[in-house]
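# Structural overview for review
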Amino acid sequence: MSKLRIKRTIGSLEKQEARAACVFVLPFFIGFIIFQFAPLFYAFFISFVDLNNFKPLNAVTWVGLANYTAIWKDPIAVSSYLKSFYYTILYVPFLTAVGFIAAVLLNKYFYWKSFSRSLFLMPYVANIVAISIVFSLLFDPFGGFVNALLKVFGISNPPLWFASAKMAIPTTAMVAIWLNFPFQMIVYLAALQGVSKELYEAAEIDGASKLKKLVRITLPIISPTSFFLIITATIGSFQNFTIFNALTKGGPGTASRVSSLNIYEEAFSFNHYSYAAAQAIVLFLIIMIISVIQWGGQKKWVHY
């Protein structure tokens, strides 16, 4: 009887723990349904109807794939996806490299180490609008500090930065890297501190150089961290509306009109809700495909 009572008590406790877990998870689950799943389902639905101006839902008509086929006939929409790819190619590798280099430097012992880490973290917690104003003033092509400094060093025709069709996206990527690399740095710092010092000592006994220790020990051990940061940075690079809206607003012309900004313009400037929803679904599929490819490719270089 005592064993039976113990089993019943354990079973009762497990049920209570399960109920408690459900209570804690329920707020997140409700929030996910309301703010994530429901909008996604609604966007998917309206992408197949003709809700491209103000009208009640009972007046819309089913158009099937018409909004999706219209995307490939729209040069601005197609160009916006290509610009997003271009931004991602610039942003992700340099962001990861800068974050890693900063982490390696700050992982060494030197005076004011804690202060330096706090100083590096400041851009990440700063307001993006304030940062955009500061960089717009610094990179003003006609009276900004950067071009004035370049002229002092003998460069007579410095870049136009945000006002240049060729330089708008690279300049924005540079600002975004400066803004977001502290997060990469902090995560890399945590990973570097988890690498066993005994491995480095053994490598030194074998005569390994600093570069070999970095390539053969550090990078393989922290490869799961690198994979996490690369995949999150890639997803974030396509969700780049705020930085472009604050710095370039898609200009000059449509030179920096990336997909997220184009979706916003189609929806809230031109009231093309179904067309914008179709573009958003296509962007979602692009991000998902890239993520799947990255997950499949991790087996070749990520060591757990």
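Residues numbered from 1 in each chain as written. Predicted model: local features only at pLDDT ≥ 70, side-chain atom pairs only at ≥ 80, totals over all residues. Heavy atoms only, no water.

### Here we look at the packing of aromatic side chains
Applying the stated criterion across every chain yields a total of 18 aromatic pairs. Centre to centre, the rings of phenylalanine 44 and phenylalanine 48 are 5.1 Å apart; their planes meet at 75 degrees, and the pair counts as edge-to-face. Note on phenylalanine 48: relative accessible area 14%, which makes it buried. Between tyrosine 87 and phenylalanine 244, the aromatic rings sit 5.1 Å apart at their centres with planes inclined by 70 degrees, giving edge-to-face as the arrangement. (Phe/Tyr/Trp six-rings, centres within 6.5 Å; stacked < 30°, edge-to-face > 60°. Buried < 20%, exposed > 50% of the residue type's maximum accessible area, 1.4 Å probe, protein only.)

### Re the side chain of serine 226
Mapped onto the elements, serine 226 comes out in helix α10 (residues 223-238). A relative accessible area of 9% means that serine 226 is categorised as buried. (Helix = DSSP H or I, 4+ residues; strand = E, 2+ residues; numbered from the N terminus.)

### Some thoughts on the pattern of salt bridges
According to the stated counting rule, one finds one salt bridge in the structure shown. In this structure, lysine 213 engages glutamate 204 in a salt bridge whose closest nitrogen and oxygen atoms are separated by 3.0 Å. Since its relative accessible area comes to 12%, lysine 213 is described here as buried. (Salt bridge = Lys/Arg side-chain N within 4 Å of Asp/Glu carboxyl O.)

### A look at helix α9 (residues 210-221)
A rise of 1.5 Å per residue sets the reference length of α9, with its twelve residues, at 16 Å; its end C-alpha atoms lie 15 Å apart and thus fit the reference within 8%. All of the buried residues along α9 are Lys213, Ile217 and Thr218. Relative to the axis of α9, the buried residues are bounded by an arc of 85 degrees and lie together on one face. Every exposed residue of α9 that faces more than 90 degrees away from the buried side is listed here: Leu211, Lys212 and Arg216. (Expected span 1.5 Å × (residues − 1). Arc of directions from axis to C-beta.)

### Considerations on the nonpolar core
Judged by nonpolar contacts, the single largest core of 37 residues is most densely connected at Tyr87, Tyr91, Val175, Met185, Ile222, Ile243 and Phe244. Elements that contribute at least two residues to this core include exactly α3 (75-106), α5 (128-138), α7 (168-192), α10 and α11 (241-247). Considering every element that reaches this core, the biggest residue donor is α7, with 13 residues. The residues contacting methionine 185, other than those within four sequence positions of it, are Gly99, Ala102, Ala103, Leu106, Arg117 and Phe120. Grouped together as the second largest cluster of nonpolar side chains are 17 residues, Phe48, Ala77, Val282 and Ile290 included. (Core = buried A, V, L, I, M, F, W, Y, C linked by side-chain atoms within 4.5 Å. Contact = heavy atoms within 4.5 Å.)

### So, the packing of α3 against α10
Where α3 meets α10, the axes come as close as 9 Å, and the angle between the chain directions of the two elements is 145 degrees. Where α3 crosses over α10, the handedness of that crossing is right-handed. Where α3 approaches α10, its residues Ser84, Phe85, Tyr87, Thr88, Tyr91, Val92, Leu95 and Thr96 are matched on the opposing element by Ile230, Ala233, Thr234, Ser237 and Phe238. Grouping the amino acids of the contact of α3 with α10 by side-chain chemistry returns eight nonpolar, five polar and no charged. (Axes fitted to C-alpha atoms, helices over the stretch in contact; angles between N-to-C directions. Left-handed = near helix turned anticlockwise from the far one by under 90°. Nonpolar A, V, L, I, M, F, W, Y, C, P; charged D, E, K, R; others polar.)

### Thoughts on α7
Counted at 1.5 Å a residue, the expected span for α7 with its 25 residues is 36 Å, and the 35 Å between its end C-alpha atoms agrees. The sharpest bend along α7 reaches about 40 degrees and sits at asparagine 180, with the proline proline 182 one to four residues further on. For α7, a buried count of 18 out of 25 residues is recorded, marking the element as mostly surrounded by other parts of the structure. (Bend = angle between axes of the 7 residues up to and from the residue.)

Everything listed is a geometric property; what it means functionally is a separate question.
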